[in-house]
Each structure stands twice: as C-alpha cells, then as structure tokens.
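Topology and contacts: notes
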Amino acid sequence: FTIECMPGVLDKLVKKGTLMKTLGLETKVHTSNMWLFDDQNRLRKFTTPEEILNTYIRARILVYAQRREHELQRLAREHERASAKAEFIRLVCENVIDMRSWDDTKLANALREHSFPELSESTSGDCLSGWKYLMSMPVRTLTPAQRKKLLEECEVLMRSIESVRESTPRTM
C-alpha cells in the first residue's frame, strides 16, 4: 500500500520519532503481569520476558537430549540390521549357509553360530522367528550387488551416527 502525506508532515513525524506510533505500527506491551504455564504445566508469574525464554530453553534442551538419544538408538538399530543382512548375503553367496537344503533347526544353529542378532520378536514357536528380517528377504536380493548396496547404506548410517554423537542437545 502507499501512504500519502501533506508536504512537511512526514518530515516532522520522522524528526519527532513518532512516525511508527502514528501509523499504528508500534505498541507498548506491559510486562508487569505475565502469568504463563511453565514446563511443569503449573501456572506461574514471570517477571521478565528473558525469564520466560530461559525457562523455555531449559525445557527444550532436555527434550533435545532425549531426541538425540532416541536418534542414536534408531540409527544403531538400522546399522545393525543392514550389517547383518550384508553378512547374511555374503554367507549365502559363498554357500556357507544353504537355505535351500537345510531344515529350520540347522539354519537357526548356523545363524547363532555366526552371531546374527535376533532382531525380530519371537512370538511363535518357530525357531527362526527371531531372524525374520533375514528369512523374509526375497531370493532375488541375495546377490553381491545387493550386499554392496547394504554396505554402502551401513557407511551412510555410520556417518549419521558419528554426526549425532558429535552434536550436543544445544546444537540439535
């Protein structure tokens, strides 16, 4: 929008320092009666805007610390799963593990012997249910090319883990 003034009026308002107030672009806010809910969800009187910000910042930093820990755990789980899948593919490709001719018990023993983590929940009586993440991989993904992709994914995940480890709750 455009504001038009009588000659000299704008200059007077600028010299007096009242232009912003005259145009209604400036208002006073009284900070003597500021009641807000704090981080404990209790009604509390704050005496200054800085006190409000400091309370908010302390609460947020605690949440950022929790978020950082959660993110580290999530990335570690993803890395463990991708690493296990890559190693499983290697063993299948090298015929160390033979999924076609072994029964479930022999396959479960081989997975334990090679220290594959049981990442899936074992709810049924199936001896392979803890390794469902490996057993449910389609046959066409048991290739060296897929293993290479998983190893690259592991590298990306490790860089992400290092990045989050180097961060602090204040920098998140």
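Rules of the game
Residues numbered from 1 in each chain as written. Predicted model: local features only at pLDDT ≥ 70, side-chain atom pairs only at ≥ 80, totals over all residues. Heavy atoms only, no water. Helix = DSSP H or I, 4+ residues; strand = E, 2+ residues; numbered from the N terminus. Rg over C-alpha atoms; globule rule 2.2 N^0.38 Å. Buried < 20%, exposed > 50% of the residue type's maximum accessible area, 1.4 Å probe, protein only. Contact = heavy atoms within 4.5 Å. Lys, Arg positive; Asp, Glu negative; His and termini not counted. Charge placed at Lys NZ, Arg CZ, Asp CG, Glu CD. Polar contact = N/O pair within 3.5 Å; in protein donor to acceptor, adjacent residues only side chain to side chain. Pairing = 2+ DSSP bridges. Salt bridge = Lys/Arg side-chain N within 4 Å of Asp/Glu carboxyl O. Patch = residues over 30% accessible without salt bridge, like charges linked within 9 Å, V, L, I, M, F, W, Y side chains within 5 Å. Areas by Shrake-Rupley, 256 points an atom, 1.4 Å probe, with all protein chains shown as cover. Axes fitted to C-alpha atoms, helices over the stretch in contact; angles between N-to-C directions. Parallel < 35°, antiparallel > 145°, perpendicular 65-115°, else oblique. Left-handed = near helix turned anticlockwise from the far one by under 90°. Nonpolar A, V, L, I, M, F, W, Y, C, P; charged D, E, K, R; others polar. Phe/Tyr/Trp six-rings, centres within 6.5 Å; stacked < 30°, edge-to-face > 60°. pLDDT = per-residue confidence, 0-100.

A few points about the overall build of the chain
Assigned secondary structure in the chain consists of 6 helices and 2 strands. Of the regular secondary structure in the chain, the N- to C-terminal order runs α-α-β-β-α-α-α-α. Whereas a compact globule of 172 residues would reach a radius of gyration of roughly 16 Å, the chain reaches 31 Å, over 25% beyond that. Judged by the C-alpha coordinates and their principal axes, the chain covers about 95 × 40 × 30 Å. Taking all 172 residues of the chain together, 23% fall into the buried category. Within the chain, contacts between residues at least 6 apart in sequence are counted, and of these 46% link residues at least 24 apart. Positive and negative charge centroids in the chain, built from 28 and 25 side chains respectively, lie 8 Å apart.

Concerning the side chain of Ser129
Tracing the backbone shows Ser129 in the loop between α4 (104–113) and α5 (132–135). Residue classification places Ser129 among the buried residues on the basis of a relative accessible area of 9%. Within polar-contact distance, the side chain of Ser129 engages the backbone oxygen of Asp126 at 3.1 Å.

Description of the pairing of strand β2 (residues 43–46)
The pairing of strand β1 (residues 34–37) with β2 spans 4 bridges and is antiparallel. Bridge assignment links Trp35 to a residue of β2, and that residue is Lys45. Once β1 ends, the chain turns through 5 residues before running back antiparallel as β2, passing Asn41 with a positive phi of about 65 degrees.

Here's the deal with the pattern of salt bridges
For the coordinates displayed, the defined rule picks out 9 salt bridges. Arg68 serves as the salt-bridge partner of Glu69, at 3.1 Å between the closest nitrogen and oxygen. Overall, Glu69 belongs to the partly exposed group, its relative accessible area being 39%. Here Arg90 makes a salt bridge to Glu94, at a shortest N to O gap of 2.7 Å. Residue class for Arg90 comes out partly exposed when judged on its relative accessible area of 24%. In this structure, a network of salt bridges that share partners links the residues Glu71, Arg74 and Glu78.

With respect to a nonpolar patch on the surface
A cluster of nonpolar side chains, namely Phe1, Ile3, Met20, Leu23 and Leu25, defines an oily patch on the protein surface of about 590 Å² accessible area. Structurally, Ile3 is set in the segment before α1 (9–16). Note on Ile3: relative accessible area 45%, which makes it partly exposed.

Notes on the packing of helix α3 (residues 49–93) against helix α6 (residues 144–166)
Packing of α3 against α6 brings their axes to within 9 Å, and their N-to-C directions diverge by 160 degrees. In terms of orientation, α3 lies roughly antiparallel with respect to α6. The interaxial crossing formed by α3 with α6 has left-handed handedness. For the contact of α3 with α6, the per-class residue count stands at 15 nonpolar, 4 polar and 8 charged.

Thoughts on the packing of aromatic side chains
Taken as a whole and judged by the stated rule, the model has 1 aromatic pair. Look at Phe88 and Phe116: their rings are 6.0 Å apart centre to centre, the planes differ by 85 degrees, and that puts the pair in the edge-to-face class. You can see Phe88 sitting in helix α3 and its partner Phe116 sitting in the loop between α4 and α5, a full 28 residues away along the chain. For the pair Phe88 and Phe116, one class covers both residues: buried.

Some details on the confidence of the model for the chain
Across the chain, pLDDT averages 91, with 98% of residues at or above 70. At the level of individual helices and strands, the chain shows its lowest average pLDDT in helix α2 (residues 19–22), which scores 85, and its highest in α6, which scores 97.

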